[in-house]
Amino acid sequence: MKAAGSFKDMLERDVLRLGEQIDAWTNIERAPTICIRYEALWDRGDDLSDFLGIPINLPNKHQRESDQMPANIRDKIHSLYEKLDERIEALPDVFIVGAR
């Protein structure tokens, strides 16, 4: 991921460069690429099968789990990534980028 900072910087700025990753994923030009929102994957398996040209049988969906964190850290993360979260939410559940 070519982090741009240390672990202690993670609550101050986008050390993992997640914003740059979103830009890269949504602007791929070299090859056709399907992007499917994780939360929609099990509802959009047919789109994936159509894109790949083969039937895809996904494993059963499991509830995502996350560690509990102190409210002050959660609030800081939310504040830091609020604009990125809005950008991600604005993307469609499924879209194709790149040359076809």
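For the structure itself, consult the block above.
Residues numbered from 1 in each chain as written. Predicted model: local features only at pLDDT ≥ 70, side-chain atom pairs only at ≥ 80, totals over all residues. Heavy atoms only, no water.

(A) Seen up close, helix H2 (residues 45-52). Taken as a whole, H2 has its buried residues at Gly 45, Leu 48 and Ser 49. Each buried residue of H2 sits inside an arc of 100 degrees when the element is viewed along its axis, so together they form one side. Exposed side chains of H2 directed beyond 90 degrees from the buried face belong to Asp 46 and Asp 50. Residues of H2 that are buried in the fold lie against strand S1 (33-36). One or two steps after H2, the chain reaches Gly 53, where phi turns positive at roughly 80 degrees. (Buried < 20%, exposed > 50% of the residue type's maximum accessible area, 1.4 Å probe, protein only. Helix = DSSP H or I, 4+ residues; strand = E, 2+ residues; numbered from the N terminus. Arc of directions from axis to C-beta. Contact = heavy atoms within 4.5 Å.)

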